[in-house]
Number of protein chains: 2
Amino acid sequence: MTTTRRASKPRPETLARRREILRAALEIFGSKGYNNGPLVEIAEQVDMTHAGILHHFGSKDRLLVEVLRYRDETDVEGIEGQHIPDGTELFRHLVRTAFANEERPGIVQAYAVLSAESVTDGNPGREYFEQRYTQLRTEVAQAFRVMCEERGIDAPATIDRASASVLAVMDGLQVQWLLDRANVELAETSAFAIEAIVTAVLDPRPSPLAPDAP
Amino acid sequence: MTTTRRASKPRPETLARRREILRAALEIFGSKGYNNGPLVEIAEQVDMTHAGILHHFGSKDRLLVEVLRYRDETDVEGIEGQHIPDGTELFRHLVRTAFANEERPGIVQAYAVLSAESVTDGNPGREYFEQRYTQLRTEVAQAFRVMCEERGIDAPATIDRASASVLAVMDGLQVQWLLDRANVELAETSAFAIEAIVTAVLDPRPSPLAPDAP
DNA sequence: GGTAACTTACTGTGCTGTCAGTAACTAAAT
DNA sequence: ATTTAGTTACTGACAGCACAGTAAGTTACC
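Rules used in this analysis
- Residues numbered from 1 in each chain as written.
- Chains lettered and ligands numbered in written order.
- Predicted model: local features only at pLDDT ≥ 70, side-chain atom pairs only at ≥ 80, totals over all residues.
- Heavy atoms only, no water.
- Axes fitted to C-alpha atoms, helices over the stretch in contact; angles between N-to-C directions.
- Helix = DSSP H or I, 4+ residues; strand = E, 2+ residues; numbered from the N terminus.
- Parallel < 35°, antiparallel > 145°, perpendicular 65-115°, else oblique.
- Contact = heavy atoms within 4.5 Å.
- Nonpolar A, V, L, I, M, F, W, Y, C, P; charged D, E, K, R; others polar.
- Near = heavy atom within 4 Å.
- Polar contact = N/O pair within 3.5 Å; in protein donor to acceptor, adjacent residues only side chain to side chain.
- Least-squares fit on C-alpha atoms with pLDDT ≥ 70 in both.
- Salt bridge = Lys/Arg side-chain N within 4 Å of Asp/Glu carboxyl O.
- Buried < 20%, exposed > 50% of the residue type's maximum accessible area, 1.4 Å probe, protein only.
- Core = buried A, V, L, I, M, F, W, Y, C linked by side-chain atoms within 4.5 Å.
- pLDDT = per-residue confidence, 0-100.
- Buried area = accessible area lost by both parts, 1.4 Å probe.

Peer 1: How would you explain the packing of helix H6 (residues 105-117) of chain B against helix H7 (residues 126-150) of chain B if you had to name every residue and give the values?
Peer 2: All names here are of chain B. In contact at an axis separation of 9 Å, H6 and H7 are set at 110 degrees when each is read in the N-to-C sense. With respect to H7, the element H6 is oriented roughly perpendicular. Residues Tyr 111, Leu 114 and Ser 115 of H6 pack against Tyr 128, Phe 129, Arg 132 and Tyr 133 of H7. In the contact of H6 with H7, the residues fall into five nonpolar, one polar and one charged.

What follows is the structure, encoded as structure tokens:
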């Protein structure tokens with residue numbers, strides 16, 4: 001009769017090694033893009049051959065997906081630690097993130113490049129970013145609703161647009177900042193724009209662009 | 001003295017052919033990215049071999065730069081036709097552009113992908129986008145100043161931040177829209193965000209995120 | 001006849017992925 | 001406790017394609 005074959009455990013240090021690879025991959029993909037960032041460069045950063053990396057992750061596509069997921073687990077943005085901050089606190093958190101990001105252009109660039117690249121044909125990261133934005137929009141919308149309730153006002157229809165807008169400014173500013181750090185203040189500008197949008201939701205005013213204005 | 005090397009005349013229809021190539025290149029670079037968009041595919045779209053394209057543009061790098069410049073000349077955004085609309089009109093123009101963009105996802109994607117890709121190491125489009133954003137920010141800032149003057153208020157210090165923010169939302173929304181057209185309204189949302197930011201400049205209110213608020 | 005607008009054919013490189021092999025480790029059987 | 005069997009974590013070599021660029025030739029305009 002056949003003895004059941006069981007897979008034996010991965011070795012203890014392996015997990016740390018994989019993390020090393022993921023970190024290196026984020027750095028390379030961040031600075032050169034996914035298509036333009038070869039496995040060999042990631043490999044030499046962790047003292048391996050590129051075949052070694054493929055042993056761990058199977059393919060470059062899967063490596064990208066895992067890089068993205070890994071950052072999500074470790075990182076600050078979105079779901080921080082365990083609890084999702086609610087209401088005002090979430091917006092404050094976003095602003096804090098913008099300030100923190102000024103100290104880590106590498107990661108900012110990784111997200112900026114990879115998210116835009118993800119919309120191209122057959123990019124393996126597309127699904128990830130689709131879901132990510134959907135989730136972030138939902139969280140921001142929720143925060144808006146909480147704030148409205150706290151103030152005793154009805155949640156206005158603008159909430160969904162405002163949620164997308166908040167995320168959009170942050171991302172858009174990152175690109176401008178990466179292109180010209182001397183002339184774009186990432187954090188201060190993010191704060192300004194977020195406040196403007198939040199104000200527009202909580203305390204709407206007539207459009208300054210209406211056809212009768214000067 | 002050095003005789004300036006003068007190339008002899010191109011044939012009459014050649015210009016049109018070059019434009020065809022530029023259009024095809026924008027489409028391919030737009031849908032697959034610069035690094036991932038091969039010359040062969042651009043070539044077959046204009047019934048040529050890739051060597052023919054290199055005959056016209058010398059290298060892939062130079063092709064990208066020319067594509068970018070070409071769109072600038074032809075296109076609506078930024079300097080439209082001849083006159084730069086001033087004041088309120090510029091913001092209305094931006095909103096109109098957002099509406100127009102909903103009908104041409106290809107071009108939107110091209111700019112989204114290429115601008116983000118441009119921040120990577122050694123990308124030939126970087127200089128172009130750097131200058132482009134600098135110029136657009138200046139134009140928007142100018143429009144803000146005109147509006148302030150019209151209303152008899154002093155131009156506030158927030159103008160530079162607001163200018164970057166306006167461009168940032170538009171760009172950021174494009175990415176979200178490209179990823180999930182069913183759930184993101186590009187134009188309506190752009191309009192909302194732009195109005196919010198313009199309002200914040202012309203009629204500032206206390207921050208809803210200040211540490212003493214609920 | 002000269003040159004612009006190509007094509008064909010080729011070069012060289014860069015890159016992902018495969019494969020066979022090896023040393024080190026783990027798990028069970030003796 | 002030592003052997004045995006199997007597995008993991010790699011390396012090195014290479015297949016094999018995709019791609020940018022080049023060189024030489026062809027056609028057709030001026």
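Peer 1: Summarise the protein's contact with DNA strand D; cite the residues concerned and give the values.
Peer 2: Within the structure, DNA strand D sits among 22 residues, and Arg11(A), Thr14(A), Thr49(A), His56(A) and Lys60(B) are positioned closest to it. At a separation of 2.8 Å, a phosphate oxygen of DNA strand D approaches a polar side-chain atom of Thr49(A). Here a phosphate oxygen of DNA strand D and a backbone polar atom of Leu39(B) are 2.9 Å apart. Those elements that provide at least two residues to the surface near DNA strand D are helix H1 (14-32) and helix H3 (50-57) of chain A together with helix H3 (50-57) of chain B. Looking at the surface near DNA strand D element by element, the count peaks at four residues for H3(A). For the surface near DNA strand D, the class distribution of residues is eight nonpolar, eight polar and six charged.

Peer 1: I'd like to hear about the relation of the copies chain B and chain A, residue by residue, with values.
Peer 2: Of the transformation placing chain B onto chain A, the axial shift is 0.0 Å and the rotation is 180 degrees, giving an RMSD of 0.1 Å. Look at the turn and shift together and you get a two-fold axis relating the two. With an isologous cut-off of 70% or more, the 99% of interface residues of chain B that recur at the interface of chain A puts this contact in the isologous class.

Peer 1: Any details on the pattern of salt bridges? Residues and values, ideally.
Peer 2: Summed over the entire model, instances satisfying the criterion amount to 20 salt bridges over all chains. A salt bridge links Arg132(A) to Asp72(A), with the shortest nitrogen-to-oxygen separation between them at 3.8 Å. Of this pair, Arg132(A) sits in helix H7 (residues 126-150) while Asp72(A) sits in helix H4 (residues 60-74); the two residues are 60 residues apart in sequence, bridging distant segments of the chain. The class of Arg132(A) is buried, set by a relative accessible area of 13%. Where Glu89(B) meets Arg92(B), a salt bridge forms, and the shortest distance between an N and an O atom there is 3.1 Å.

Peer 1: Just give me the short version of the nonpolar core, but keep the residues and values in it.
Peer 2: Counting residues in hydrophobic clusters, the biggest one holds 138 residues, and the most contacted among them are Leu63(A), Phe91(A), Leu63(B) and Phe91(B). Each residue touching Leu63(B), except ones within four places of it in the same chain, is listed here: Ile21(B), Leu22(B), Ala25(B), Phe29(B), Leu39(B), Ile42(B), Ile53(B) and Phe57(B).

Peer 1: Quick rundown of the confidence of the model for chain A? Include the residues and the values.
Peer 2: Here chain A averages 92 in pLDDT, while 91% of its residues score no lower than 70. Across residues 1-5 of chain A, confidence stays below pLDDT 50; counting only partners more than four residues off in sequence or on other chains, it has zero contacts.

Peer 1: Before we move on, can you summarise the interface of chain B and chain A with the specific residues and values?
Peer 2: Listed per partner, the contact involves 68 residues of chain B and 67 residues of chain A. Between chain B and chain A, a total of about 5,500 Å² is buried, with carbon and sulfur atoms accounting for 62% of that surface. Summed over the three residues of chain B that lose the most area to chain A, namely Leu179(B), Phe192(B) and Leu209(B), the buried surface amounts to 14% of that side. Measuring nitrogen to oxygen at the nearest pair gives 2.9 Å for the salt bridge that ties Glu185(A) to Arg161(B). Summed over the shared surface of chain B and chain A, the result is 24 residue pairs in polar contact (both at pLDDT 80 or more). Breaking the side of chain B that touches chain A down by element, the ones donating at least two residues are helix H1 (14-32), helix H5 (88-101), H6, H7, helix H8 (159-179) and helix H9 (186-202) of chain B. Along the lines of polarity and charge, the residues of the side of chain B that touches chain A split into 34 nonpolar, 19 polar and 15 charged.

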